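The chain contents come next:
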Amino acid sequence: MKVLELRSISKEEGWIYYLNKYQATADLEILGHTMSIPLSFSVEINPLGMRTVEIDDLPSNLDYPVVPIKKSLSEFITKMSIDGTLP
């Protein structure tokens with residue numbers, strides 16, 4: 001299982017400056033097949049600068065365990081957030 005990229009990332013406007021909500025399309029490679037799934041997630045930055053990524057429920061038509069997908073997506077999103085590539 002591998003996260004290839006996040007496409008069509010849009011940031012939802014909010015009033016809390018340390019909590020950013022996003023919607024995107026994730027391209028995943030699962031068991032040699034590439035699939036795209038809609039995704040909504042939030043990135044919260046605490047006062048010490050630590051980032052917490054929360055991923056909303058994934059589509060129910062996935063033929064792969066959800067925990068490894070969420071873990072890989074969370075790591076990928078955290079890296080993007082640190083690199084500054086999220087809008």
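It should be noted that the structure appears before, not after, this text.
Please read these numbers as outputs of a predicted model, since none were measured by experiment. (Residues numbered from 1 in each chain as written. Predicted model: local features only at pLDDT ≥ 70, side-chain atom pairs only at ≥ 80, totals over all residues. Heavy atoms only, no water.)

Novice: Can you walk me through the packing of aromatic side chains in this structure?
Specialist: Each aromatic ring pair is specified by the distance between its two centres and by the angle formed by the two planes. In total, this model carries two aromatic pairs according to the counting rule given. Judged by centre distance (5.2 Å) and plane angle (25 degrees), the rings of Tyr22 and Phe41 are stacked. Of this pair, Tyr22 sits in strand S2 (residues 19–30) while Phe41 sits in strand S3 (residues 33–45), and the two are 19 residues apart along the sequence. (Phe/Tyr/Trp six-rings, centres within 6.5 Å; stacked < 30°, edge-to-face > 60°. Helix = DSSP H or I, 4+ residues; strand = E, 2+ residues; numbered from the N terminus.)

Novice: Is there a simple way to explain the pattern of salt bridges in this structure?
Specialist: Oppositely charged side chains may form a pair once their charged atoms are brought near each other. For the structure shown, the criterion picks out three salt bridges. Among the ionic pairs, Asp27 bridges to Arg7, the shortest N-O distance being 2.7 Å. Taken together, the positions of Asp27 in strand S2 and Arg7 in strand S1 (residues 2–12) put the pair 20 residues apart, joining distant regions of the chain. Residue classification places Asp27 among the buried positions, given a relative accessible area of 8%. Where Lys79 meets Asp83, a salt bridge forms, and the shortest distance between an N and an O atom there is 2.9 Å. With a gap of four residues between them, Lys79 and Asp83 both fall in helix H1 (residues 66–83), about one helical turn apart. Using a relative accessible area of 51% as the deciding quantity, one classes Lys79 as exposed. Since its relative accessible area comes to 47%, Asp83 is described here as partly exposed. (Salt bridge = Lys/Arg side-chain N within 4 Å of Asp/Glu carboxyl O. Buried < 20%, exposed > 50% of the residue type's maximum accessible area, 1.4 Å probe, protein only.)

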